[in-house]
Amino acid sequence: VQLQASGGGLVQAGGSLRLSCATSGRSLSRNVIAWFRQPPGKEREFVAAVRWSGGSSNYVDSVKGRFSISRDTAKYTVYLQMDSLKPEDTAVYYCAASQGAAYGTNGWPVTYDHWGQGTQVTVSS
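Procedures and definitions
- Residues numbered from 1 in each chain as written.
- Predicted model: local features only at pLDDT ≥ 70, side-chain atom pairs only at ≥ 80, totals over all residues.
- Heavy atoms only, no water.
- Pairing = 2+ DSSP bridges.
- Helix = DSSP H or I, 4+ residues; strand = E, 2+ residues; numbered from the N terminus.
- Axes fitted to C-alpha atoms, helices over the stretch in contact; angles between N-to-C directions.
- Core = buried A, V, L, I, M, F, W, Y, C linked by side-chain atoms within 4.5 Å.
- Buried < 20%, exposed > 50% of the residue type's maximum accessible area, 1.4 Å probe, protein only.
- Contact = heavy atoms within 4.5 Å.

**Points about the sheet that holds strand E1 (residues 2–6)**
Phase 1 of the analysis: Reading across from one edge, E1-E3-E8-E7 is the order of the four strands in this open sheet, with antiparallel pairing throughout. Of all the strands in the sheet, the pair left with one neighbour each is E1 and strand E7 (67–72). If you compare each strand with its neighbour and ignore which way they point, the axes differ by 15° on average.
Phase 2 of the analysis: Bridge analysis of E1 against strand E3 (residues 17–24) gives five bridges, and the strand direction is antiparallel. Residue Leu3 lies in a different strand from E3, and its bridge partner there is Thr23.

If you want it as structure tokens, here you go:
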């Protein structure tokens, strides 16, 4: 599956952005679609994930209540709505797809097989 992320930009603290991840390719390759981010000078971290079938979601604690992940199955697109943005949300955001080969104890994939290019999100204070 191919992934194309877009929607990043510069926003003031407290503002909102919506990221999009357009997907294409074999449907079995997009079992779960997730967003990760890599802040400046730090390692990449998980942000949120959504199951393509059913739409259930999972979030890292730091974004719960502020971010919302969703998917449009007709458009093969996953969205990350980011509200109440904070300077610490500044990062390059990546979308990724998992075929579901291995799951963690929380029932979500531990590996992601396909990655899109990143989109920069900058939150100014």
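Right, picking up where we left off after that structure.
**Section: the nonpolar core**
Phase 1 of the analysis: Judged by nonpolar contacts, the single largest core of 27 residues is most densely connected at Trp35, Leu80, Met82 and Tyr93.
Phase 2 of the analysis: Counting residues per element, the ones that place at least two in this core are E1, E3, strand E4 (32–38), strand E5 (45–51), E7, strand E8 (77–82), strand E9 (91–98) and strand E11 (119–124).
Phase 3 of the analysis: Top element by residues in this core is E9. It accounts for four residues.
Phase 4 of the analysis: If we ignore the near neighbours within four places in the chain, the residues touching Leu80 are Leu17, Arg18, Leu19, Trp35, Val47, Ala48, Phe67, Ser68, Ile69 and Tyr93.
Phase 5 of the analysis: In this structure, Val32, Ala34, Phe36 and Ala49 belong to the second largest nonpolar core, which totals seven residues.

**Remarks on the pairing of E4**
Phase 1 of the analysis: The element E4 is largely enclosed, with a buried count of six among its seven residues.
Phase 2 of the analysis: The pairing of E4 with E5 spans six bridges and is classified as antiparallel. Within the sheet, the bridge partner assigned to Arg37 lies in E5 and is Glu45.
Phase 3 of the analysis: Count of turn residues in the E4/E5 antiparallel hairpin: six residues, of which Gly41 carries a positive phi of about 75°.

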